[in-house]
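Residues per chain are reported as follows:
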Amino acid sequence: MTIRLAQTNDLTAIMTVLDAAREIMRSDGNTDQWINGYPNTTVIQTDIENKNGFVVEEDTRIIAYFAFIPSPEPTYAQIYNGAWLDDTLPYHVIHRIGSTPDSHGVFKAIMDWCFSRDPNIRIDTHEDNHIMQHCITSYGFTYCGIIYLQSGDERLAYQKILL
C-alpha cells in the first residue's frame, strides 16, 4: 500500500471509496453517521486544497481515503465525561477514513503512516460505528470522552501519544 496526497483528479475515485465505506457502515447497523450526503465533494475538495486529504493506493488503485489535519480541532476544545491524555501538546486529527470492502490492513497502514509524522493523534467516531471503534482500540488508542461536532452530534473521542 502507498499513501500519498490526494489530488483533485482523484475526486471521483475518492467519492466511490467513501460511498462504499458508507455502505459498510449501513450493513453493520450504523445508520446515523455520514448522512445527508456527508462527506460530499466540497468537503473532500477542501481537504485536498488544504493538503490534508490523503489516498491509499494498492496496485495504483485508490482503496481508501482519510484526512490528516493539524491541531487545533475546534470540536475538541471541550471534552465531556473524560479528559484528553494530554491537552498541551500539538496533535493531528484523523477524519473521514473510508475504504473499499475488499481492502484489508488499511487502518493499520494509515495509523502507521500518521504516527510516523506525529506522535500525538486524536480521532473520534460515532457510537454506532463498532467497526471503527474496534480498529481504534485495537491500535492502542485510549477512550477519552465525548465531543460534539458543530452540528451538535455526539462522538466518542480517543487519543494515542507515542512519547
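Rules used in this analysis
Residues numbered from 1 in each chain as written. Predicted model: local features only at pLDDT ≥ 70, side-chain atom pairs only at ≥ 80, totals over all residues. Heavy atoms only, no water. Helix = DSSP H or I, 4+ residues; strand = E, 2+ residues; numbered from the N terminus. Contact = heavy atoms within 4.5 Å. Pairing = 2+ DSSP bridges. Axes fitted to C-alpha atoms, helices over the stretch in contact; angles between N-to-C directions. Phe/Tyr/Trp six-rings, centres within 6.5 Å; stacked < 30°, edge-to-face > 60°. Buried < 20%, exposed > 50% of the residue type's maximum accessible area, 1.4 Å probe, protein only. Lys NZ or Arg CZ within 6 Å of the ring centre and 35° of its normal.

This part takes up the environment of P101. By the element assignment, P101 lies in the loop between β4 (92-99) and α3 (106-115). Along the primary structure P101 and E58 are separated by 43 residues, whereas in three dimensions their C-alpha atoms are 13 Å apart. Here P101 is in contact with A20 and I24, once residues within four sequence places are set aside.

The next point concerns the sheet that holds strand β2 (residues 53-58). Here we have 7 strands laid out as an open sheet, ordered β1-β2-β3-β4-β5-β7-β6, and mixed in their pairing. Each edge of the sheet is formed by a strand with only one pairing partner; in this case those strands are β1 (2-5) and β6 (142-148). For this sheet the average axis-to-axis angle between neighbouring strands, irrespective of direction, equals 30 degrees.

Another point: the packing of aromatic side chains. Scanning all chains against the criterion turns up 12 aromatic pairs. Where F66 meets W113, the ring centres are 5.7 Å apart and the plane angle is 70 degrees; that geometry is what we call edge-to-face. Of this pair, F66 sits in strand β3 (residues 61-70) while W113 sits in helix α3; the two residues are 47 residues apart in sequence, bridging distant segments of the chain. Taking relative accessible area as the criterion, F66 reaches 0% and is therefore assigned buried. Both rings, one in Y80 and one in Y148, keep their centres 5.4 Å apart while their planes meet at 70 degrees; by these two values the pair is edge-to-face. Here Y148 lies in strand β6 and Y80 lies in the loop between β3 and β4, a separation of 68 residues in the sequence. Relative accessible area serves as the criterion here: at 36%, Y80 is assigned to the partly exposed category. Members of the aromatic cluster, joined through ring pairs, are F54, F66, F68 and W113. Geometry around W84 places R122 over its ring, the cationic atom sitting 4.0 Å from the centre.

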